[in-house]
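# A structural walkthrough
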Amino acid sequence: ANGDWSSDVCSSDLFLSYLLSGKKVIAISGTHGKTTACNMLDLILSHKTSLIEGDGVGRGNNSDYAIVEACEYKDHFLSYNPYISLVLPLTLDHT
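Below you will find a few notes about this structure. (Residues numbered from 1 in each chain as written. Predicted model: local features only at pLDDT ≥ 70, side-chain atom pairs only at ≥ 80, totals over all residues. Heavy atoms only, no water.)

## Looking at the pairing of strand E1 (residues 24-29)
Of all the six residues making up E1, five are buried; the element is thus mostly covered by neighbouring parts of the structure. Bridge analysis of E1 against strand E4 (residues 65-69) gives five bridges, and the strand direction is parallel. Paired with Ile26 across the strands is Ile67, a residue of E4. Bridging between E1 and strand E5 (residues 84-87) involves four bridges; their strand directions are parallel. Bridging from a neighbouring strand, Ile28 pairs with Leu86 of E5. (Buried < 20%, exposed > 50% of the residue type's maximum accessible area, 1.4 Å probe, protein only. Helix = DSSP H or I, 4+ residues; strand = E, 2+ residues; numbered from the N terminus. Pairing = 2+ DSSP bridges.)

Below you can see the structure in the form of structure tokens.
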């Protein structure tokens, strides 16, 4: 993709940023614990937000908020324009 989500082929991060447009994104990134933190926050918020985990599992709803597992691989998380960012511990990964 060339930065345009409407291209014939689009990267997953650009497509996800399109799906999230108009939502207040809570992006959780870091080397370890993203999925656990996403699910804990989802539980705290009584499952009333959209949730998208790194493996593509999740659900959408009419909430103004979305919890996203923001993968740092190839800087994908830079596409999400988060309202709130939670950065978990970082270690060298994906080298």
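## Considerations on the environment of Tyr80
Considering the arrangement of structural elements, one finds Tyr80 in the loop between E4 and E5. Exposure remark for Tyr80: the relative accessible area of 7% places this residue in the buried category. With 53 residues separating them in the primary sequence, Tyr80 and Ala27 have C-alpha atoms 7.6 Å apart.

## Focus on a nonpolar patch on the surface
On the surface, Phe15, Tyr18 and Leu19 cluster together into a nonpolar patch covering about 290 Å² of accessible area. For Tyr18, the location among the structural elements is in helix H1 (residues 12-20). (Patch = residues over 30% accessible without salt bridge, like charges linked within 9 Å, V, L, I, M, F, W, Y side chains within 5 Å. Areas by Shrake-Rupley, 256 points an atom, 1.4 Å probe, with all protein chains shown as cover. Salt bridge = Lys/Arg side-chain N within 4 Å of Asp/Glu carboxyl O.)

## Digging into the packing of aromatic side chains
Throughout the structure, instances matching the rule amount to one aromatic pair. Plain terms: the ring middles of Tyr65 and Tyr83 are 6.2 Å apart, the flat faces sit at 70° to each other, and that makes the pair edge-to-face. One end of the pair, Tyr65, is in strand E4; the other, Tyr83, is in the loop between E4 and E5, with 18 residues separating them in the sequence. On the basis of relative accessible area, Tyr65 is assigned to the partly exposed category, the value being 30%. The side chain of Lys24 reaches across the aromatic face of Tyr83, ending 5.1 Å from its centre. (Phe/Tyr/Trp six-rings, centres within 6.5 Å; stacked < 30°, edge-to-face > 60°. Lys NZ or Arg CZ within 6 Å of the ring centre and 35° of its normal.)

## Points about helix H2 (residues 34-44)
Where H2 is concerned, the buried positions are Lys34, Ala37, Cys38 and Asp42. The buried residues of H2 all sit within an arc of 135° when viewed along its axis, so they share a single face. Facing away from the buried side of H2, by more than 90 degrees, are the exposed residues Thr36, Met40, Leu43 and Ile44. On the buried face of H2, the contacting elements are E1, strand E2 (50-52), strand E3 (58-59) and E4. (Arc of directions from axis to C-beta. Contact = heavy atoms within 4.5 Å.)

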